[in-house]
Amino acid sequence: MPKAPKKKPRSKKEPRSSTVAVPPVPATFPIVAIGASAGGLEAFSNLLRALPPEPGLALVFIPHLDPTHESAMVELLSRTTRLPVVQAAEGMRVLVNSVYVLPPNSDMTISNGILHLVGREVRGHHMPIDTFFRSLADDQASNAIGVILSGTANDGTLGLAAIRDGAGVTFAQDTTSAKYDGMPNSAISAGVVDYVLPPGRIAQELIRIRKEPSGHASPAEAVDGEEFDGTTRLMRDIFRLLKSFSKVDFVDYKVATIRRRILRRMNLNRINQLRDYVKLLNRNPQEVEALYRDVLINVTSFFRNPEVFDSLHEVVYPKILVDRLPSDPVRVWVPGCSTGEETYSHAISLVETLSDLRVEVPIQIFGTDLSENAIQKARAGFYKESIVNEVSEVRLRRFFHKVPGGYQIAKSIRDMCVFARQNVFSDPPFSRMDLISCRNVLIYLSPILQKKVIPIFHYALKPSGFLLVGNTEGLLGAGAEIFGLVDRRAKIYQKKAVPSPVTFGLTLIAQEGTDGRQEEPHVPGKENELAKTPADVQREADRLLLQKYVPSAVVVNDELEILQSRGRTSRYLELPTGRASLNLLKMARSGLLYELRSLIEKARRNSVVVSKDGITVEDANERFKVSVEVVPFRTPARDQRHFLILFEEKGVMRPPEPKPTSRKSAREVDDAKDVQIGQLKQELASTKEYLQAIIEAQEATNEELQSANEEIQSGNEELQSTNEELQTSKEELESANEELNTVNEEIQHRNQQLTQLTNDLVNILNSATIPIIMLGEDLHIRRFTPEAERVFGFTSQDMGKALTHLSLNVEVPQLERWMLDVMRDVTMRTEQVRTRDNKVFKLRITPYRTLDNKIDGVVVTLMDISDLVKPGNGKNVINT
């Protein structure tokens, strides 16, 4: 048994989920998450302006911010709304009629209505919108609303998908009003947007969703819950329409899931009554299709719950690989595979395990789903750049190729995976599976459907196969009787050696007896065991016939390595001396080597069956004739060429008895034969040596070519790694560019405010009739009113000069000392001064304060009090 590999180091971007599930507590009001990058400040402001003072919901803004600068987003948004705008902090509870803004250099999530901040990870393209949107979908379900506004790249697309699949509502800004349409277009093209509107209209629609009875704020009060019982006439009509469209019967799906989806579609269509929605379904087939797509919840991600894959890597895969033949593939089935992330995650995890254990076996993984659209996306294997938050950098380099707009699964991994549309309840299941990963199906099924599907999984598994279910699910009742628990934390079960109680959709209908009572369905017993006996006899008879009458044969691959043998092959093949080898040509007995090579080359070149009779084979004691047939074929799963070599012995060659002749003639004949035989042996030996030299030269050339090919592949991998690093640098630059655009918008808004303030100040100064002078800390003139220019007696060319160095009309010899005292003592000073034309003014000097309460100069003001001064007793007296 191979040793279990060491535990792989976990990437920072692959967080471990908590083993203790905390049930979410949905708020009693909608929580609206609004994401944007470049051009987002304007869109944020337009949306806030259109909201009333008490909208009845909470808003969380997720902009792309520069991590190295403080953001003015809170201050700028506060100017556009009467709602309280605050910067989010760790542990802050989301309250109704409030606005929260993501702080710089942080990622944010929400749990039970409480915001949580984590440090930003600097790797690849920063995706703060997807991070918050996904957590909001998990936490608030139908109370979550996602909005994508102006921005570049595709952040938010996967987050909107999670919100939509959780029965929430999604919006995107229309491309006409968006300054940058990259993010809205990405979400719209992905088909995860319910409304495409300008910001003002989005605000109006949010208010409607909050106020209407079928809104997401209180779905329980929207429609009478009893109407959603699967037995009501309206619900039967809905199930009938869905089945006629999709051939899928949703009657036994969980009522809560169907109810949330129907309420969501009713809200989007502005319908308050279930009967009105049924009427819409009857007259609008497109709405039936839309409801069907909504019911098929396609929420998945790469390596979801990483601890589950750790358990598979450490416990399950090593058991599956014990004593496995190189030709026996590992088979995995992923029902409900959605868009393929789960399927490809198992493929990558298996490849890593095989690499650690140094085992080479084929891998076959089957992904099935009800949604044809999801299957098509899974086959393409193309995913957005946001998967960098789910897949480690090492795996991205090894198993993904960078393509425009995202990443694509490497072809070697895609070739291992087969995707198909399948209804697990009605379509035939797969068989002989080593592992079934069912983490997206059971959670949506009622107990009735679970009782049907679990026996199907039991039948599909090998005797020692494993079943993986979701971390919130478990196997109870009949499931616990046919599966044994292997890992409680990861919810991994192993098949028990009991008969599979599976009916494959055949329902045993109770028949009414003559006495009016229901007869019990017939339980198969020993009759079934007897029915199996002819099949067992037939298989044993077939085995004996094959063993006795089928010729000896071997199966070789394209490199002529023997993979399997049938019958007695020792008459034709033997192990060569020296190093052990299973190469067919090295094991061929004398006389077969060249004929085998010739036949295989013909079969390989023409892809046809070739054969040859009468080939002489020399054994140690005898010579015999053999018929050889070469049959080329390909394996369907791996599409590799193989050859079936059949040997059929035609009889032993006996030396002819000598005829009675004279002694002389017999001696002469023997001498002639000896000479001829010697010549033939010599020629044959020379030919063998020549051919052996050719073979060795060809093998040496092949080795050199293989070595050169490996070097080329190594160089190609290095170039690919360099290209991926350049792509990562490009993504980081794009992310930084988006953040700089946001900073630039903030600076532009500040410049507009400063321009407005400057205009206001200039108009105030020009309108003032009082002499006012603003001086800097060095007592140089900064600004002054036109009246100050006339009274003090300086001109506009004196701007920037020291006031005390100018010849003034005012007689103030101590002006400089007074101004310095005011700056030092931070007090106001008032003095009475006189101009040269004998006018009296009241001089007031006050300190110049900045917004941060710093003294940066003085303000000098003059007030004409000449009319208030009366001459008397040689003194100037103010007439009060």
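Along each chain, residue indices are assigned from 1 in the same order as the chain's sequence is written. Selection of residues for local features in this predicted model requires a pLDDT of at least 70, selection of side-chain atom pairs for listing and counting requires 80 or more, and totals for whole chains, interfaces and linings are taken over all residues. Side-chain figures throughout are based on the complete set of non-hydrogen atoms in the structure, without hydrogens or water.

Asks: Got a sec to walk through the overall build of the protein? Specific residues and values, please.
Replies: In DSSP terms, a helix is any run of H or I states spanning at least four residues, a strand is any run of E spanning at least two, and both are numbered starting from the N terminus. Across its full length, the protein holds 24 helices and 32 strands. The buried share among the 880 residues of the protein stands at 45%. In the protein, 65% of the contacts between residues at least 6 apart in sequence involve partners at least 24 apart. Here the open area of atoms and residues is found with the Shrake-Rupley method and a 1.4 Å probe, where only the protein chains shown may cover a residue. Split by element, the accessible area of the protein, about 47300 Å² in all, is 52% carbon and sulfur. Relative accessibility thresholds used throughout: buried, under 20% of the residue-type maximum; exposed, over 50%; partly exposed, between the two (1.4 Å probe, protein chains only). Throughout, a contact is declared for two residues whenever any of their heavy atoms are within 4.5 Å.

Asks: Account for the pattern of salt bridges, naming residues and giving values.
Replies: When charged atoms on two side chains of opposite charge get close, those side chains can pair. Salt bridge, as used here: a side-chain nitrogen of Lys or Arg that lies within 4 Å of a carboxyl oxygen of Asp or Glu. Within this structure, the stated rule accounts for 29 salt bridges. Lys-801 is the partner of Asp-798 in a salt bridge, and the nearest nitrogen-oxygen pair spans 3.3 Å. Overall, the relative accessible area of 12% leaves Asp-798 in the buried class. Classification of Lys-801 as partly exposed rests on a relative accessible area of 40%.

Asks: Residue-level account of the nonpolar core, with values.
Replies: Ranked by size, the top nonpolar core spans 47 residues in total, and within it Ile-238, Phe-250, Ile-262, Ile-436 and Leu-467 carry the most contacts. Where this core is concerned, the elements lending two or more residues are α8 (233–246), α9 (255–268), α10 (274–283), α11 (285–295), β16 (433–438), α17 (447–460) and β17 (461–469). Ignoring anything within four residues of it in the chain, the contact list for Ile-238 reads Ile-262, Leu-274, Val-278, Leu-281 and Leu-291. To form a nonpolar core, buried Ala, Val, Leu, Ile, Met, Phe, Trp, Tyr and Cys residues must be joined to one another through side-chain atoms within 4.5 Å. Residues Tyr-383, Leu-396, Phe-399 and Cys-417 belong to the second largest nonpolar core, which totals 43 residues.

Asks: How would you explain the layout of surface pockets if you had to name every residue and give the values?
Replies: Approximately 1400 Å³ is the volume attributed to the second largest pocket. Lining of the second largest pocket is provided by 35 residues; of these, Asn-583, Leu-585, Leu-593, Arg-597 and Ile-695 occupy positions nearest its centre. When contributions to the lining of the second largest pocket are tallied by element, the ones reaching two or more residues are α20 (584–587), α21 (593–606), β22 (610–618) and α22 (663–767). With nine residues, α22 is the largest single contributor of residues to the lining of the second largest pocket. Looking at the lining of the second largest pocket residue by residue, the classes come out as nine nonpolar, ten polar and 16 charged. Throughout, the protein atoms alone are placed on a 1 Å grid, and a set of points is a cavity if a 1.4 Å probe fits but cannot get out or a pocket if it is open with protein on both sides within 12 Å along at least five of seven lines; lining residues have an atom within 4 Å of a point. Grid points are joined across faces, edges and corners, and a volume is the space filled by probe spheres set on the points. Gly falls in the polar group here, along with every residue not listed as nonpolar (Ala, Val, Leu, Ile, Met, Phe, Trp, Tyr, Cys, Pro) or charged (Asp, Glu, Lys, Arg).

Asks: Break down the sheet that holds strand β13 (residues 400–403) for me, with residues and values.
Replies: Two strands are counted as paired when DSSP detects at least two bridges linking them. Taken together, the three strands give an open sheet; going across it, the order is β12-β14-β13, and neighbouring strands pair in antiparallel fashion. The open sheet has two edge strands with one neighbour each: β12 (382–384) and β13. Geometrically, the sheet is characterised by an average inter-axis angle of 35° between neighbouring strands, direction not taken into account. The pairing of β12 with strand β14 (residues 406–409) spans three bridges and is classified as antiparallel. Across the sheet, the residue bridging to Phe-382 is Gln-408, located in β14. As a rule, the C-alpha atoms of each element are fitted with a line to give its axis, helices using only the stretch in contact, and angles between N-to-C directions run from 0 to 180 degrees.

Asks: Describe the environment of Lys-602, listing the residues and the values that go with them.
Replies: Within the element layout of this structure, Lys-602 appears in helix α21. Judged by its relative accessible area of 38%, Lys-602 falls in the partly exposed class. As for Lys-602 and Val-630, which are separated by 28 residues in sequence, their C-alpha atoms are 9.2 Å apart. Leave out the neighbours within four places in its chain, and Lys-602 touches Ser-607 and Val-610.

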